[in-house]
Structures are given as C-alpha cells and as structure tokens.
Amino acid sequence: RGGESGAVDQHYHILMMFTKVDKSRSLQDKFRVAMLSMVKHARFLEGEVLVLHFVSDPASKELGERMLQEFLFDATFKYEVLFHDVEALTQKLYPIVEAMQQHFSSGSGAYYSDAIFFLSVAMHHIMPESLTRILQLDLDLKYRTNIRDLFQEFDHFPPGAVIGITREMQPVYRHTFWQYRKENPQARVGEPPPEGLPGFNSGVMLLDLGAMRASALYNQLLKPDNVAKLADQYRFRGHLGDQDFFTMIGMEHPELFYPLACGWNRQLCTWWRDHGYGEVFHLYYRCNGPVYIYHGNCNSPIPDD
Ligand code: UDP
Ligand code: MN
C-alpha cells in the first residue's frame, strides 16, 4: 500500500524467457541491447511499477541478476525483478500442453522439456489469478519507444479478443500450410497481408490473462481433441511452439486475436527469401509506419537507428 491516501501502486508486468543464457555469449549480447534500449526509452508515472519476470535456470538467474544491476542502473522508474524457475513452470505446464506438443514441436515425441515453449498458451492457468495482463517479450528485441505505450494497446482489445500479437513477416506459414492451400486454392490461409492470413510471430505478445481465463472458446481450443481436430483440418505440422498454435487457431477464430501494428514487432529475419520464396517474400516482409520495436530474429543484426 502506498501511503496515507490508500493509493496502491499500479504494476505493469513483462515476462521474458531466460534460459541457458550463461552458455551463450550471443544471447547475453542480445539481452544487453534489449534491456538498455528498454530502460533508455521507458517512462512511467509516479505510483507505477514495472515488474520484470524472467523464466530461468539457476545458472542463468545468477548471471541475469548481475547483468540487471548494470542495465537497470539508469532506470528513471520503479521496478521489481522476479525469477521463475523453468523446471517448476514446466512441471505445471506439461499436463496442459502435452497433447498439443506433437503438432507444434520438432522431432517425433512430446519432450517434457519442450513444454516451456508453450508457456504463453497456458499462462492464464500458471500465473496467480491476481495477474490479469502481461507482455511476453523475446530477448532479441531493440526498443525505440516507451514500453508503457504497448500496455495501452490492451485497452483497444475488442470483446472476445484474448491476445495481442503482430503478424509473421516471412512466408513461413505459406510453407507450413502448403497442403491445405493446395486443397483449398481460394483460401486466405498463408496469403500475404492485408487480405491474407500470414500467421503470427510470438516475439512480442500481449496476454490478457483475465480474458484468456474468461474465454470459453479459447479454453475449448486448448483441449487435446480440439487441437487434433484443427491440426487435421488444416493439415498442420509445425515446430515453432506457441506461435504455431496461435497461428492455427487464428485461421479458424481470428476474433481471438487483436492484431498489433507491424511496428510493434518489426522482424528482420530474411531466411525464407533465400529458401524458395524469393518471389513473394517482399509481400510479407514489408511493414510501413513507425518501428516501435525491432526484432532481430534468426540472429539478424538490428540497425543502429
Ligand atoms: N531463449 C532462451 N534461451 C535460449 C534460446 C531462446 O531463453 O537458449 C528465449 C529468449 O527469450 C528468446 C526466445 O526464447 O528471445 C525465442 O528465441 P529466439 O528469439 O532466438 O527465436 P527467433 O525469434 O529467432 O525465432
Ligand atoms: Mn526472437
């Protein structure tokens, strides 16, 4: 509680996956770019607190705590840092997502340790009820604006929407839905924007945990039978975890997703341009309007400005 007025601090929650960071110099460099740029542009009001959640293993946590002392040194806002043990979260998650893993994970089996790649899908069941909104953010981002502005997007969700997310900027789902597209040549599935449905990228996500808990439709779609039904209907076989699940259910139920402007997750990976999709690549990759967050996915360099 904050003082005599009885006013309570308003908390803004963000979560980052932060595992095996001690083993990767490259991941450490990305984390530095992300945090320094976030802190540089972040502005919060008095009585507001940014809560940073990290999902870590013990060695990454130890390193992360040390790095954060440096990165948060110049912060002009109040903040809290919380580490969640990846092992404990995986244990809670596995029973919920085990069945969907076979459709959206690489390899044949449903590996226990891969369950964490579906954290966003079932976060509303994992986090305490008191937590109603959270951003999930990749480490390979560079912020060009105030992260607080992204939270304002929650207020624009139409009724029924549970997740805010930017479209995928490569023709990866044109590829994944190849068989469905052949059988349904008139479908918008995997087609480029603005008319088509190119799928989603999970590097920046607004998870309205309250809406996710309240949505009968969303929770129906998590059930193994319904996942299998949709995967069969769309001939879907992926390996990108939560992003594949959201993309697939978004084809059938677009109203569950609030489409964020492309500038909130300006992806820079161009891998598919050189792997058979050079002709159509630009239709997916282009993003007009201001860039608020760069995403250096597939190890792409991020412009200096
Ligand atoms: N990540 C992690 N440890 C790893 C690899 C990935 O914690 O060893 C997390 C990190 O937050 C990262 C996210 O998983 O941003 C997704 O991976 P990445 O950004 O490399 O995938 P891409 O965006 O290139 O598809
Ligand atoms: Mn990324």
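Residues numbered from 1 in each chain as written. Chains lettered and ligands numbered in written order. Predicted model: local features only at pLDDT ≥ 70, side-chain atom pairs only at ≥ 80, totals over all residues. Heavy atoms only, no water.

**Concerning the pattern of salt bridges**
Evaluated as defined, the whole model comprises 12 salt bridges. Bridged by salt links that share partners, the residues Arg174, Arg181 and Glu191 form one connected network. (Salt bridge = Lys/Arg side-chain N within 4 Å of Asp/Glu carboxyl O.)

**A look at the environment of Leu141**
Counting through the fold element by element, Leu141 comes out in strand E5 (residues 141-143). By relative accessible area, Leu141 is classed as buried at 0%. Ignoring any residue separated from it by four or fewer positions in sequence, one finds Leu141 in contact with Val33, Ala34, Gly203, Val204, Ile293, Tyr294, His295 and Ile302. (Helix = DSSP H or I, 4+ residues; strand = E, 2+ residues; numbered from the N terminus. Buried < 20%, exposed > 50% of the residue type's maximum accessible area, 1.4 Å probe, protein only. Contact = heavy atoms within 4.5 Å.)

**Details of the sheet that holds strand E2 (residues 48-56)**
The strand order E3-E2-E1-E4-E7-E6-E8 describes an open sheet built from seven strands, whose pairing is mixed. For this open sheet the edge positions go to strand E3 (78-85) and strand E8 (257-259), each flanked by a neighbour on one side alone. Neighbouring strand axes in the sheet, compared pairwise and without regard to direction, differ in orientation by 25° on average. Here strand E4 (residues 134-137) runs beside strand E7 (residues 200-207); their pairing, made up of four bridges, is antiparallel. Bridge pairing in E7 places Leu135 opposite Leu206. (Pairing = 2+ DSSP bridges. Axes fitted to C-alpha atoms, helices over the stretch in contact; angles between N-to-C directions.)

**With respect to the layout of surface pockets**
Space inside the largest pocket adds up to approximately 1500 Å³. Taken together, 46 residues line the largest pocket, and the ones lying closest to its centre are Met17, Phe117, Asp138, Ser202 and Leu240. Of all elements in the fold, only strand E1 (10-18), helix H1 (25-41), helix H3 (86-104), E4, E7 and helix H11 (242-252) reach the threshold of two or more residues within the lining of the largest pocket. It is H3 that contributes the most residues to the lining of the largest pocket, four residues altogether. Counted by class, the lining of the largest pocket contains 21 nonpolar, 16 polar and nine charged residues. By volume, the second largest pocket amounts to about 290 Å³. As for the second largest pocket, its lining consists of 19 residues, and the residues nearest its centre are Arg167, Leu197, Pro198, Phe200 and Pro259. Taken together, the elements giving at least two residues each to the lining of the second largest pocket come down to strand E6 (163-167), H11 and E8. Of the residues belonging to the lining of the second largest pocket, the class tally is 11 nonpolar, five polar and three charged. (1 Å grid on protein atoms, 1.4 Å probe; cavity = no way out; pocket = protein on both sides within 12 Å on 5 of 7 lines; lining within 4 Å. Points joined across faces, edges and corners; volume = space filled by probe spheres on them. Nonpolar A, V, L, I, M, F, W, Y, C, P; charged D, E, K, R; others polar.)

**Side note on the packing of H3 against helix H10 (residues 224-233)**
It is at 9 Å that the axes of H3 and H10 come closest, and there the two elements cross at 15°. When the interaxial angle is binned, H3 and H10 end up roughly parallel. In the packing of H3 onto H10, the handedness of the crossing is right-handed. Judged by residue contacts, Ala99, Met100, His103 and Phe104 of H3 engage Pro224, Val227, Ala228 and Ala231 from H10. Of the residues contributing to the contact of H3 with H10, the split by class is seven nonpolar, one polar and no charged. (Parallel < 35°, antiparallel > 145°, perpendicular 65-115°, else oblique. Left-handed = near helix turned anticlockwise from the far one by under 90°.)

**Some remarks on the state of the cysteines**
A full pass over the atoms with the stated rule returns two disulfides. Between the sulfur atoms of Cys262 and its disulfide partner Cys287 the distance amounts to 2.1 Å. Every disulfide takes its handedness from the sign of the S-S torsion; for Cys262 and Cys287 that torsion is 90°, giving right-handed. Taken as a pair, Cys262 in the loop between E8 and strand E9 (266-267) and Cys287 in the loop between helix H12 (281-285) and strand E10 (293-295) lie far apart in primary sequence, 25 residues in all. Cys287 sits in the buried class, given a relative accessible area of 13%. Here Cys269 connects covalently by a disulfide to Cys298, the sulfurs 2.1 Å from one another. With the S-S bond torsion at 100°, the cross-link from Cys269 to Cys298 turns out right-handed. Linking Cys269 in the loop between E9 and H12 with Cys298 in the segment after E10, this pair joins segments that are 29 residues apart in sequence. Among the residues examined, Cys269 registers a relative accessible area of 5% and is labelled buried. Residue classification places Cys298 among the partly exposed positions, given a relative accessible area of 45%. (Disulfide = S-S within 2.5 Å.)

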